Amino acid sequence: MFSVAREFSFSYGHRLYRYDGKCRRLHGHNAKVRVEILGDENGAKLDDQGMALDFAKMKSTLGRWIDEELDHRVFLSSDDPLADALDAANDPPIRVDGNPTAEALAKLIFDRARCDGLNVVRVDFWETEKCRATYRA
């Protein structure tokens, strides 16, 4: 089976609403994301250029979205009252169902890759150098 992977990075802020720990406070991270893609449905074929998928395509689709939509943004739970305050300040957060955990952000990126037509099979999301969440197909 053939697959390719590309890493992306971005900075973001978040807090875990109704969480009893340090992460209940608004704070930031420098995330690293690794996205693994199969070139075709089974990962058995390469294209005419001998590639499962051109890395440039990953950069121009998913990488562009990460840079334009996720980098230097704040992620908050949909029911977090801080989200309304940021809306009022004309700096809207990205609202997610539940808490904006590393797991939730891995799935968000996975789902976007699928929407971009990429045959994504796995997203690894490092919130810190030592803490990683994975979402798989």
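Everything quoted here is computed from the prediction, not taken from an experiment.

Draft legend 1. The arrangement of the sheet that holds strand β4 (residues 94–96) in detail. The 6 strands are arranged β4-β3-β1-β2-β5-β6 in an open sheet whose pairing can be described as mixed. Each end of this open sheet is capped by a strand with a single partner; those strands are β4 and β6 (131–136). Averaged over all adjacent pairs, the angle separating strand axes in this sheet is 35 degrees, with direction ignored. Alignment of strand β1 (residues 3–14) against strand β2 (residues 27–38), held across 12 bridges, turns out to be antiparallel. When the sheet's bridge partners are listed, A5 is paired in β2 with E36. Relative to the sheet, helix α2 (residues 81–88) contacts β3 (73–77) and β4, its axis offset from that of β3 by approximately 140 degrees.

Draft legend 2. Local environment of the environment of E36. If you trace the backbone, E36 turns up in strand β2. A sequence separation of 81 residues divides E36 from G117, and the C-alpha atoms of the two residues are 13 Å apart. Discounting chain neighbours no more than four positions away, the residues touching E36 are S3, V4, A5, N119, V120, V121 and R122. Within the structure, the side chain of E36 is placed 2.8 Å from the side chain of S3, a separation counted as a polar contact.

Draft legend 3. Structural view of helix α3 (residues 102–115). For α3, built from 14 residues, the straight-helix expectation of 20 Å at 1.5 Å per residue is met to within 8% by its first-to-last C-alpha distance of 20 Å. For α3, the full list of buried residues reads A102, L105, A106, I109, F110 and A113. End-on view of α3: buried residues confined to an arc of 140 degrees, all on one side of the axis. Close packing links the buried residues of α3 with β1, β2, α1 (55–70), β3, β5 (119–128) and β6.

Draft legend 4. Region of the structure containing the packing of aromatic side chains. One pass over the full model with this rule turns up 5 aromatic pairs. Judged by centre distance (5.9 Å) and plane angle (65 degrees), the ring pair of Y12 and F125 falls under edge-to-face. Note that Y12 is positioned in strand β1 and F125 in strand β5, a separation of 113 residues in sequence. Ring centres of F110 and Y135 lie 4.9 Å apart, and the angle between their planes is 70 degrees; on these two criteria the pair is classed as edge-to-face. Within this pair, whereas F110 is found in helix α3, its partner Y135 is found in strand β6, the two being separated by 25 residues in sequence. Among the aromatic residues, ring-to-ring pairing joins F10, Y12, F75 and F125 into one connected group.

What counts and what doesn't
- Residues numbered from 1 in each chain as written.
- Predicted model: local features only at pLDDT ≥ 70, side-chain atom pairs only at ≥ 80, totals over all residues.
- Heavy atoms only, no water.
- Pairing = 2+ DSSP bridges.
- Helix = DSSP H or I, 4+ residues; strand = E, 2+ residues; numbered from the N terminus.
- Axes fitted to C-alpha atoms, helices over the stretch in contact; angles between N-to-C directions.
- Contact = heavy atoms within 4.5 Å.
- Polar contact = N/O pair within 3.5 Å; in protein donor to acceptor, adjacent residues only side chain to side chain.
- Expected span 1.5 Å × (residues − 1).
- Buried < 20%, exposed > 50% of the residue type's maximum accessible area, 1.4 Å probe, protein only.
- Arc of directions from axis to C-beta.
- Phe/Tyr/Trp six-rings, centres within 6.5 Å; stacked < 30°, edge-to-face > 60°.

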